[in-house]
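One letter stands for each residue in the lines below.
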Amino acid sequence: MGLSSTFVSAVLVVALVAPLAPPCHGFSLKDLFVPVIKDQVSDLWRTGDIDLVGHSCTYNVKPDIQGFELYFIGSVTCPGWTTLRGESNTRSKSGVVNSAVKDFIQKALKAGLVTEEEAKPHLV
């Protein structure tokens, strides 16, 4: 078996095996950053349930750009209890719901829907 037959054999092996190899994909920064950015951005919007003085309520949080700064707008409603709406506008992502709850409870106290004793834990 000479050099030319070895070369031909090698070419045949490569030609037969090449289609079985997975396609080559290039790497891009998009592949690295998009999942991270997507998780961070989607976490800016939140909706959930909260119990306030024995009533089932809902809170919503959404981001807002004011000037060149990120703020969070929060709201709390208790549809089965009252039409009052607690609202907040703060730079604090972690405190936006508490601020909206505090506003809601202050409005409920003013409307006579809760007593000072019931409101006290939420107003601290």
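Residues numbered from 1 in each chain as written. Predicted model: local features only at pLDDT ≥ 70, side-chain atom pairs only at ≥ 80, totals over all residues. Heavy atoms only, no water.

An unreviewed UniProt entry lists the protein under the name Anti-lipopolysaccharide factor, from Penaeus stylirostris.

Visitor: Before we move on, could you go through the overall build of the protein and cite the residues and values that matter?
Guide: Within the protein one finds four helices and four strands. By sequence separation, contacts in the protein at least 24 residues apart represent 24% of the contacts at least 6 residues apart. (Helix = DSSP H or I, 4+ residues; strand = E, 2+ residues; numbered from the N terminus. Contact = heavy atoms within 4.5 Å.)

Visitor: Tell me about the packing of helix H3 (residues 96-110) against helix H4 (residues 116-123), and name the residues and values.
Guide: Viewed as axis vectors pointing N to C, H3 and H4 meet at an angle of 160°, and their least axial separation amounts to 9 Å. Taken as axis vectors, H3 and H4 run roughly antiparallel relative to one another. In the crossing of H3 with H4, the sense of the turn from one axis to the other is left-handed. Mapping the contact onto sequence places Val101, Lys102, Ile105, Gln106 and Leu109 in H3 and Glu116, Ala119, His122 and Leu123 in H4. For the contact of H3 with H4, the per-class residue count stands at five nonpolar, two polar and two charged. (Axes fitted to C-alpha atoms, helices over the stretch in contact; angles between N-to-C directions. Parallel < 35°, antiparallel > 145°, perpendicular 65-115°, else oblique. Left-handed = near helix turned anticlockwise from the far one by under 90°. Nonpolar A, V, L, I, M, F, W, Y, C, P; charged D, E, K, R; others polar.)

Visitor: I'd like to hear about the state of the cysteines, residue by residue, with values.
Guide: Applying the stated rule across the entire model yields one disulfide. A disulfide bridge connects Cys57 with Cys78, and the sulfur atoms are separated by 1.8 Å. Judged by the sign of its S-S torsion, about 100°, the cystine formed by Cys57 and Cys78 is right-handed. Taken together, the positions of Cys57 in strand S2 (residues 55-66) and Cys78 in strand S3 (residues 69-78) put the pair 21 residues apart, joining distant regions of the chain. According to the relative accessible area criterion, Cys57 is buried, its value standing at 1%. A relative accessible area of 0% places Cys78 in the buried class. (Disulfide = S-S within 2.5 Å. Buried < 20%, exposed > 50% of the residue type's maximum accessible area, 1.4 Å probe, protein only.)

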